[in-house]
Amino acid sequence: MQNFIFLIDRFDGTNSWRQRYEFPHKPGMTVLTCLIHIKENLDPTLNFTASCRSAICGACAVRVNGNALLACDTMVDDLREQWGDGPLTVSPLGNAEVISDLVVKWDEKVNRLRLANPGLHAKKEFSAHEGCRQAPQDMQAIQKQWDCILCGSCMSECNKLSDSSKDFLEPFTYTHAARYAEDSRSRNPLEHMENMEKSGMWKCLHCMECVTKCPKGISPAGAIASLRELAFKAGHTDGPGPRHADAFRTDLENTGRLNEVKLVPRTEGMVSAATKRLPFTLRMFARGKLGPVEAARLFVADNHRVEDHDGLKRILKANRK
Amino acid sequence: MQKTYAFFPGCVLHAAAKEAETSAVAVAKRLGINLKEIPGWTCCGASHVQDIDPETALLANARNLALAERMGLTLVTACSTCALMLRQAKATLLDGRLDWANERLAEAGLKLEGTVEVRHLLWELADGCDEWAAKVSHPQAHLRVAPFYGCHTVRPPQVMDYESHLNPQSLEKVIRACGATPVTIPERLKCCGFHAVFPAETSAHRLTASAVNSAAEAGADCLLTPCPLCHMQLDMYQPDALSTACGDTPVPVLHLTQLLAMALGLDAKAIGLGRHIVDTKPLLASSGSA
């Protein structure tokens, strides 16, 4: 087999550069054993973090060819199956400040995690003496989210976070909020959701990078969805996010299909639709994307109901009984 | 290629992205494929209904799947979000919710076994490439095309498992078969921003502008996407995106089946090339399509 070639993104606090390391192939090597081999045999100045070597501590997440993974849990031969035998580029996690080489700064991210109010405040019927009983199915509902090891893989390629972290949190924070909010023992689920609502919960792009990258198979996007459901059911229905989602549901129930003309006023209100969105609407007319007559009909009336719409209504009604 | 499919157009193919349906139907006709629209299909929930009322979304998709299954055909959709929502629903239903759904579907005389296959039109076209490539009469050799996959075409890979999510090649395969040249841009597998264009408008526009600017810098003549929602974002919102992010070179955006239609020599008007916000005429001038 060809030698391993790692191109590692280095940073010494001032300068950054990409450094090439070549060493003999050995079967069964993980990305982490390669990094350790480099540090012990080729370059003692290389910095990275790692601890358990068992995919439990979450310390060794890095990016290979731009995609986050746990270094200790990834065989280099598997990576070669994906990328071929050429050089592999190893970089620090994305959407994080780099301290040195592959080491990123966690302080601020941990502070932001506190917004989820992590920690269970149990219902009043529970006590230190009686304990907190939970039915197996209620435990199963949150079990997956408890596998989070805070490795940061979910944040690395998050498209929303890459654009701006000012109005969005690291996806694992929403996972942590959801695991308390959904816990059947929790006294006040909303105390875990409300800060998330103020911190980007409705701004997730649904890019699915977090779900794709989590080495534990957790879905932070699913956690965001469950927090949105909790908020909506608690009456937090104002704002473009919930109103947009509700417009889809309204159309699905009323006719079966989306009414694009009503979508903007339902999401943003009539004033915005008639002013801010006017240039958009006019160019839709100008390019024939939307006919004025069709638009007027959809606005005043609605889509025609789909075939057997009554059947759809009966199905949904049966579920609400 | 299979010749008859249960076709799930998705809402936007009946609305702002009508040209995606027109071109899909025209291409199918030329290739001898029968797209039989599923009678009574409804919105897939578009990932939005799923967020506030997951059971309503799951039941609507159980109904969609049951309607296709009743036709005895593979369901094919030309929308990546529809594909993900339907495949995700099928997986959820088969994972212990089938009896629950069937009790409710019975109200409309429907039953779901869970055997119906859900496929993206892109996958069928990529698989059938060798067959239809011989029918390409107008190779688009002048076009440099930047593929833009769209998140839900490949992610999450547990559900969208047709090809590698890290380095998919289906779009490149179709582009080459059409005689055009694929141009890789860094945003090839990134998000267009569509699903959050209202709550996170600035972010969505910056993502859109980033893809457009990269395509312009790479010398691409157009972007190509298999998802009509990405198309809406990249085309309809492109003027807003470029003004948000200071881009100055508009780049036309083609639906997957429009490129194929051009390569098959179909009439530009019939495939809705005039129904774009960003002018597609420069593509025709260099391509020689009628």
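Residues numbered from 1 in each chain as written. Chains lettered and ligands numbered in written order. Predicted model: local features only at pLDDT ≥ 70, side-chain atom pairs only at ≥ 80, totals over all residues. Heavy atoms only, no water.

**Some thoughts on the overall build of chain B**
- On a plain count of helices and strands, chain B comes out with 13 helices and eight strands.
- The globule rule puts the C-alpha radius of gyration for 290 residues at 19 Å, and the 19 Å found for chain B is close to it.
- With the C-alpha coordinates of chain B rotated into their principal frame, the extents come out at 55 × 45 × 30 Å.
- The burial tally for chain B puts 68% of its 290 residues in the buried class.
- For chain B, the computed accessible surface area is about 9200 Å², with 51% contributed by carbon and sulfur atoms. (Helix = DSSP H or I, 4+ residues; strand = E, 2+ residues; numbered from the N terminus. Rg over C-alpha atoms; globule rule 2.2 N^0.38 Å. Buried < 20%, exposed > 50% of the residue type's maximum accessible area, 1.4 Å probe, protein only. Areas by Shrake-Rupley, 256 points an atom, 1.4 Å probe, with all protein chains shown as cover.)

**Things to note about the overall build of chain A**
- If you tally the helices and strands in chain A, you get 16 helices and seven strands.
- Relative to the 2.2 N^0.38 estimate, which gives 20 Å for 321 residues, the radius of gyration of chain A is 25 Å and therefore markedly larger than a compact globule would have.
- Projecting the C-alpha coordinates of chain A onto the three principal axes gives extents of approximately 75 × 65 × 40 Å.
- When each of the 321 residues of chain A is scored for burial, the buried share is 49%.
- The contacts of chain A with a sequence gap of at least 6 include a subset with a gap of at least 24, amounting to 65%.
- Within chain A, the 40 negative side-chain charges are centred at a point lying 5 Å from the centre of the 44 positive side-chain charges. (Contact = heavy atoms within 4.5 Å. Lys, Arg positive; Asp, Glu negative; His and termini not counted. Charge placed at Lys NZ, Arg CZ, Asp CG, Glu CD.)

**Observations concerning the packing of helix α11 (residues 240–254) of chain A against helix α16 (residues 309–320) of chain A**
Residues and elements named next belong to chain A.
- It is at 9 Å that the axes of α11 and α16 come closest, and there the two elements cross at 120°. By the angle between their axes, α11 is oblique relative to α16. In contact with Leu252, Glu253 and Asn254 of α11, α16 contributes His309, Leu312, Lys313, Leu316 and Arg320.
- For the contact of α11 with α16, the per-class residue count stands at three nonpolar, two polar and three charged. (Axes fitted to C-alpha atoms, helices over the stretch in contact; angles between N-to-C directions. Parallel < 35°, antiparallel > 145°, perpendicular 65-115°, else oblique. Nonpolar A, V, L, I, M, F, W, Y, C, P; charged D, E, K, R; others polar.)

**Focus on the side chain of His195 of chain B**
- Inspection of the secondary structure puts His195 of chain B in the loop between β6 (181–182) and α9 (201–217).
- Separated by 3.0 Å, the side chains of His195 of chain B and Thr81 of chain B make a polar contact. (Polar contact = N/O pair within 3.5 Å; in protein donor to acceptor, adjacent residues only side chain to side chain.)

**A few points about the packing of aromatic side chains**
- Within the structure shown, the criterion is met by eight aromatic pairs over all chains.
- Between Phe280 of chain A and Tyr237 of chain B, the ring centres sit 4.8 Å apart and the planes meet at 20°, which makes this aromatic pair stacked. Of the two residues, Phe280 of chain A is situated in helix α14 (residues 278–286) and Tyr237 of chain B in the loop between α10 (228–236) and α11 (238–244); the pairing between them involves two chains. With respect to burial, Phe280 of chain A and Tyr237 of chain B carry one shared label: buried.
- Clustering of aromatic rings is evident, with ring pairs tying together Phe4, Phe6 and Phe23 of chain A.
- Note that Arg257 of chain A overlies the ring of Trp41 of chain B, its terminal NZ or CZ placed 3.6 Å from the centroid. (Phe/Tyr/Trp six-rings, centres within 6.5 Å; stacked < 30°, edge-to-face > 60°. Lys NZ or Arg CZ within 6 Å of the ring centre and 35° of its normal.)

**Here we look at the interface of chain B and chain A**
- With 66 residues of chain B in contact, the opposing surface of chain A contributes 59 residues.
- Summed over both partners, the interface of chain B with chain A comes to about 5600 Å²; 59% of that surface belongs to carbon and sulfur atoms.
- A per-residue breakdown of the area chain B buries against chain A is headed by Asp51, Ile52 and Phe198 of chain B, which together make up 15% of the total.
- Along the contact surface separating chain B from chain A lie ten salt bridges.
- Arg155 of chain B serves as the salt-bridge partner of Glu209 of chain A, at 3.2 Å between the closest nitrogen and oxygen.
- For the pair chain B and chain A, the number of links is 32 residue pairs in polar contact (both at pLDDT 80 or more). (Buried area = accessible area lost by both parts, 1.4 Å probe. Salt bridge = Lys/Arg side-chain N within 4 Å of Asp/Glu carboxyl O.)

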